[in-house]
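Per-entry structural report
For reference, the chains in residue letters:
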Amino acid sequence: MTAEQRTELLNHEVARFAAEGWTVSSVAGNQAVLQRTKRIRFWLNVFLTFFTWGLWLFVVLLSILNRKVESLILTIDHYGKVDRQFPASRKLCWR
């Protein structure tokens, strides 16, 4: 495939993921980095807050403030195959 065809294919994939709620962080050459914040389960948290008479609201506020960011790396090779990588999130280790 030519470079223009690969770029067009990558732009098509980026547009497809952008329609699903991903934001484009960067596009360089044959690679694109997309990100989105994880969603919280709204109705479950409303139910638990109501059921526990507001005690669950503390957990809801913490989960809203500490939402994780998901990343996705799209890479296209010379044959036009799109590779999707979800980098492992870093976890804090307390020692």
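In this report, we go over the structure that sits alongside the text. For clarity, every value in this text was computed on a predicted model and none was experimentally measured. (Residues numbered from 1 in each chain as written. Predicted model: local features only at pLDDT ≥ 70, side-chain atom pairs only at ≥ 80, totals over all residues. Heavy atoms only, no water.)

A look at the environment of Arg-67
Within the secondary structure, Arg-67 sits in the loop between helix H3 (57–65) and strand E3 (69–76). Using a relative accessible area of 43% as the deciding quantity, one classes Arg-67 as partly exposed. When the C-alpha atoms of Arg-67 and Glu-8 are compared, they prove to be 33 Å apart, with 59 residues separating the residues in sequence. In this view, Arg-67 contacts Thr-37, Lys-38 and Ile-40; residues no more than four positions away in its chain are not counted. (Helix = DSSP H or I, 4+ residues; strand = E, 2+ residues; numbered from the N terminus. Buried < 20%, exposed > 50% of the residue type's maximum accessible area, 1.4 Å probe, protein only. Contact = heavy atoms within 4.5 Å.)

As for the nonpolar core
Core analysis: the largest hydrophobic core is formed by ten residues, namely Leu-10, Val-14, Phe-17, Trp-22, Ala-32, Leu-34, Leu-72, Leu-74, Ile-76 and Val-82. Filtering out sequence-adjacent residues up to four positions away, Phe-17 remains in contact with Trp-22, Leu-34, Leu-72, Leu-74 and Arg-84. (Core = buried A, V, L, I, M, F, W, Y, C linked by side-chain atoms within 4.5 Å.)

Quick word on the packing of aromatic side chains
Throughout the structure, instances matching the rule amount to four aromatic pairs. The interplanar angle of 50° and the centroid separation of 6.3 Å between the aromatic rings of Trp-22 and Phe-86 together place this pair among those described as tilted. Of this pair, Trp-22 sits in the loop between helix H1 (3–19) and strand E1 (23–28) while Phe-86 sits in the segment after strand E4 (82–85), and the two are 64 residues apart along the sequence. Using a relative accessible area of 55% as the deciding quantity, one classes Phe-86 as exposed. Where Phe-47 meets Phe-51, the ring centres are 5.8 Å apart and the plane angle is 15°; that geometry is what we call stacked. (Phe/Tyr/Trp six-rings, centres within 6.5 Å; stacked < 30°, edge-to-face > 60°.)

These values are about where atoms sit, not about what they do.
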